[in-house]
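Remarks on the overall topology
Letter by letter, the chains look like this.
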Amino acid sequence: LQTMCGCSSQLTELKACPNALYQSVAEMELQILDGLCSPCGLALGKLAIGSTCMKHDASGEGKMLLETLCGSECHADACSVLADCADGQVSGGMISPAQVAE
């Protein structure tokens, strides 16, 4: 995620191109990065990337492994999500406040 978040300046440059398609793609990507690169998005990404904290099915859909969230490998990342995604500041609409509370 940190690597992707470092691309915003290049996307901003692309948005300044005269081609409308490039402008549109750059705007869409900047909106996605805005959520992913927020404190909440980074916390969710760190938690989701840890295979001990999430289980992914064949489609790539992931579910939190609730039984592991309090374990030594997931606890700090789970707490970061709760802290960084509080008060409705939830990663660009990628996850609802209700899901964080759950």
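All residue numbers refer to position in the chain's written sequence, counted from 1. Local features in this predicted model are restricted to residues of pLDDT 70 or higher, and side-chain atom pairs are both shown and tallied only at a pLDDT of 80 or more, whereas totals for entire chains, interfaces and linings draw on every residue. Excluding hydrogens and water, the side-chain figures rest on all heavy atoms present in the structure.

**Comments concerning the environment of His-56**
Defined as follows: Numbered from the N terminus, helices here are DSSP runs of H or I no shorter than four residues, and strands are runs of E no shorter than two. Note on classification: 1.4 Å probe, protein chains only; a residue is buried when its accessible area is under 20% of the maximum for its type, exposed when over 50%, partly exposed between these limits.
You can see His-56 is positioned in strand β1 (residues 54-56). Of the residues examined, His-56 reaches a relative accessible area of 45% and is grouped as partly exposed.

**Quick look at the pattern of salt bridges**
Where we set the bar: Only one rule defines a salt bridge in this text: a Lys or Arg side-chain nitrogen within 4 Å of an Asp or Glu carboxyl oxygen.
Here the structure, examined in full by the defined rule, presents two salt bridges. For Lys-15, the salt bridge is made with Glu-27, and the minimal N-O distance between the two is 2.4 Å. Here Glu-27 lies in helix α3 (residues 20-36) and Lys-15 lies in helix α2 (residues 8-15), a separation of 12 residues in the sequence. Among the salt bridges present, the one from Asp-77 reaches Lys-46, with a minimum N-O distance of 3.6 Å. One end of the pair, Asp-77, is in helix α5 (residues 75-84); the other, Lys-46, is in helix α4 (residues 39-49), with 31 residues separating them in the sequence. The exposure class assigned to Asp-77 is buried, which follows from its relative accessible area of 15%. For Lys-46, a relative accessible area of 54% puts it in the exposed group.

**Let's talk about the nonpolar core**
What counts, and what does not: We call a set of buried residues a nonpolar core when its members are Ala, Val, Leu, Ile, Met, Phe, Trp, Tyr or Cys and they connect through side-chain atoms within 4.5 Å of each other. In this description, contact between two residues means that some pair of their heavy atoms is separated by no more than 4.5 Å.
Ranked by size, the top nonpolar core spans 11 residues in total: Cys-40, Ala-43, Leu-44, Leu-47, Cys-53, Met-54, Leu-69, Cys-74, Ala-78, Val-81 and Cys-85. At the level of elements, α4 and α5 are the ones that each hand at least two residues to this core. No other element matches the four residues that α4 contributes to this core. The contact partners of Cys-74, leaving out residues within four places of it in the chain, are Leu-47, Thr-52, Cys-53, Thr-68 and Leu-69.

**Remarks on the state of the cysteines**
Rule in force here: Two cysteine sulfurs form a disulfide in these notes if their separation is within 2.5 Å.
In the structure shown here, the tally under the stated rule is three disulfides. In this model, Cys-40 is linked to Cys-85 through a disulfide, with the two sulfur atoms separated by 1.9 Å. Taking the sign of the S-S torsion, about 100 degrees here, the bridge from Cys-40 to Cys-85 comes out right-handed. Highlighted residues: Cys-40 in helix α4 and Cys-85 in the loop between α5 and α6 (97-101), separated in sequence by 45 residues.

**A short note on the confidence of the model for the protein chain**
Note the threshold: pLDDT measures the predictor's confidence residue by residue and takes values from 0 up to 100.
For the protein chain, mean pLDDT is 80; residues scoring 70 or higher make up 82% of the total. Within the protein chain, the lowest mean pLDDT, 61, falls on α6, and the highest, 91, falls on α3.

**Quick word on α4**
Every buried residue of α4 is accounted for by Cys-40, Gly-41, Ala-43, Leu-44, Gly-45 and Leu-47. On the buried face of α4, the contacting elements are α3, β1, β2 (62-64) and α5.

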